[in-house]
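Chain by chain, the residues run as shown.
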Amino acid sequence: MDATNQLGEFLRARRERIRPEEVGLGPGVGLRRVPGLRREEVAMLAGISADYYLRLEQGRERHPSVQVLDALAGVLRLDPEATAYMIGLTRPRSRRAVRPAAERVPTSVLHLVGQLSMPAFVQNRYLDILASNRMARALSPNLAPGANRLRAVFLDAAERELFRDWRQAMQKVVGQLRADSAADADDPRLAALVGELSLKSDCFRQLWARHEVRGREGVVSRLHHPEVGDLDLYCDKLAISGAEGQLLVVYHAEPGTESERLLALLGSIAASTPDDGVDSIRPGDPARLYPSE
């Protein structure tokens, strides 16, 4: 992940995805050697000079006005989430201290995770699993503390089989990571994770290069569990107060559905398996999260 020119990379990626006919230029305007719109076309449609837009893409101009950003958002057909992300890339970033390797999940949240009868876990902004309950680990072994959701879904073939619409699900995952990265584009740990996955997964590299932005709205995950079959589960992510970057993630089924019945069956299977209940990363145990460091 190149943190030095995030705005320029974003503009170029989104420009290349706009067809000329979408903005009223017509597909046959000149010989096109690049996909999407030319730089000068974006500049013309946004009402700015071609030289100024070139400086934006090259990273020589990093703080355009609100009026310019609004115009570019219209030309590039950005939705509100992508527009907010673009604006965030132009804001000065604070030099915060590096986060500790081990993160503490609030005790009250650990109790809550353990008491929930549905799959629940806590993840940080890097998608490391910090805590999970028995049901979460029954849903997937990769929901055990110490695992990383990104590494699991892109590098573990068994985890990939859990998703009936894996490609669409990964578009949402990468889009959410992209949205979260705007505030910390120079975070070395995030950059290392993105770099690792870009080398090891063609799919991740392609999705990351698209610069799509997704919010954390609740979605329905279409899963296939090897023991109970197909599950359609809501996946809600709730920010944990007082724990920066941590989210409580809960999978749950719509009442009265076949998925609710199968989730209860999974609970019965999990209850018959030896397990300590809630599990979490202990402070001072960073090796479980970052075995390569």
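See the structure shown above.
Asks: Got a minute to help me understand the packing of helix α1 (residues 6–15) against helix α3 (residues 50–58) in this structure?
Replies: Pairs of packed helices are described in terms of their axes, by the angle between the two and the distance that separates them. Running from N to C, α1 and α3 cross one another at 115°; their axes reach a closest spacing of 6 Å. Our classification of the angle between α1 and α3 gives roughly perpendicular. From α1, Leu-7, Gly-8, Leu-11, Arg-12 and Arg-15 reach across to α3, where they touch Tyr-53, Leu-56 and Glu-57.

Asks: Quick question: what am I supposed to make of the pattern of salt bridges here?
Replies: Where side chains of opposite charge bring their charged atoms close, a pairing between them can arise. For the structure on display, the rule yields 17 salt bridges. Put simply, Arg-38 and Glu-41 hold a salt bridge, and the shortest N to O gap is 3.1 Å. Grouping residues by exposure puts Arg-38 and Glu-41 together as buried. Connected through salt bridges with shared partners, the residues Arg-17, Arg-210, Glu-212 and Arg-214 form a single ionic network.

Asks: Would you mind going over the nonpolar core with me for this structure?
Replies: Across soluble globular proteins, nonpolar side chains show a tendency to be buried alongside one another. Counting 43 residues, the largest nonpolar core has Leu-150, Phe-154, Phe-163, Met-170, Leu-177, Phe-204 and Leu-223 as the members making the most contacts within it. Considering each element in turn, this core owes the most residues, six residues, to helix α10 (residues 166–181). The residues touching Phe-204, leaving out its near neighbours within four places in the chain, are Phe-154, Val-174, Leu-177, Val-194, Leu-197 and Ser-198. Residues Leu-37, Val-42, Tyr-52 and Leu-76 belong to the second largest nonpolar core, which totals 25 residues.

Asks: How should I be thinking about empty space enclosed by the protein in this particular structure?
Replies: Rolled over the atoms, a probe as big as a water molecule pinpoints where empty space is left. For the structure on display, the rule yields two cavities of 30 Å³ or more. Quantified by volume, the second largest cavity comes out at close to 30 Å³. In terms of lining residues, the second largest cavity is bounded by Gln-171, Val-174, Gly-175, Leu-207, Arg-210 and Glu-212. The dominant element in the lining of the second largest cavity, judged by the number of residues it contributes, is α10, at three residues. Its residues placed into classes, the lining of the second largest cavity shows two nonpolar, two polar and two charged.

Asks: I keep staring at the pairing of strand β2 (residues 129–132) and nothing clicks. Help me out?
Replies: A regular strand carries its side chains on alternate faces of the sheet. Here strand β1 (residues 120–123) runs beside β2; their pairing, made up of three bridges, is antiparallel. Residue pairing in the sheet places Phe-121 in a bridge with Ser-132 of β2. Between β1 and β2, which pair antiparallel in sequence order, lie five residues; one of them, Leu-127, sits at a positive phi of approximately 65°.

Asks: Which parts of the structure should I look at to understand helix α6 (residues 107–115)?
Replies: An α-helical turn contains 3.6 residues, so any two residues separated by three or four positions project in the same direction. Burial in α6 covers these residues: Val-109, Leu-110 and Val-113. The arc that holds the buried residues of α6, viewed along the axis, is 105°, so those residues lie on one side. Residues of α6 that are exposed and angled more than 90 degrees away from the buried face: Thr-107, Ser-108 and Gln-115.

Asks: Got a minute to help me understand unusual backbone geometry in this structure?
Replies: Glycine aside, residues mostly have negative phi angles, and peptide bonds mostly take the trans form. Of note, the phi angle at Arg-77 is positive, near 55°, even though the residue is not glycine. As for its placement among the helices and strands, Arg-77 is situated in the loop between α4 (66–75) and α5 (80–89). Backbone geometry at His-211 places phi at a positive 55°, although glycine is not the residue there. The topology assignment puts His-211 in the loop between α12 (202–209) and β3 (219–225).

Calculation rules
Residues numbered from 1 in each chain as written. Predicted model: local features only at pLDDT ≥ 70, side-chain atom pairs only at ≥ 80, totals over all residues. Heavy atoms only, no water. Axes fitted to C-alpha atoms, helices over the stretch in contact; angles between N-to-C directions. Helix = DSSP H or I, 4+ residues; strand = E, 2+ residues; numbered from the N terminus. Parallel < 35°, antiparallel > 145°, perpendicular 65-115°, else oblique. Contact = heavy atoms within 4.5 Å. Salt bridge = Lys/Arg side-chain N within 4 Å of Asp/Glu carboxyl O. Buried < 20%, exposed > 50% of the residue type's maximum accessible area, 1.4 Å probe, protein only. Core = buried A, V, L, I, M, F, W, Y, C linked by side-chain atoms within 4.5 Å. 1 Å grid on protein atoms, 1.4 Å probe; cavity = no way out; pocket = protein on both sides within 12 Å on 5 of 7 lines; lining within 4 Å. Points joined across faces, edges and corners; volume = space filled by probe spheres on them. Nonpolar A, V, L, I, M, F, W, Y, C, P; charged D, E, K, R; others polar. Pairing = 2+ DSSP bridges. Arc of directions from axis to C-beta.

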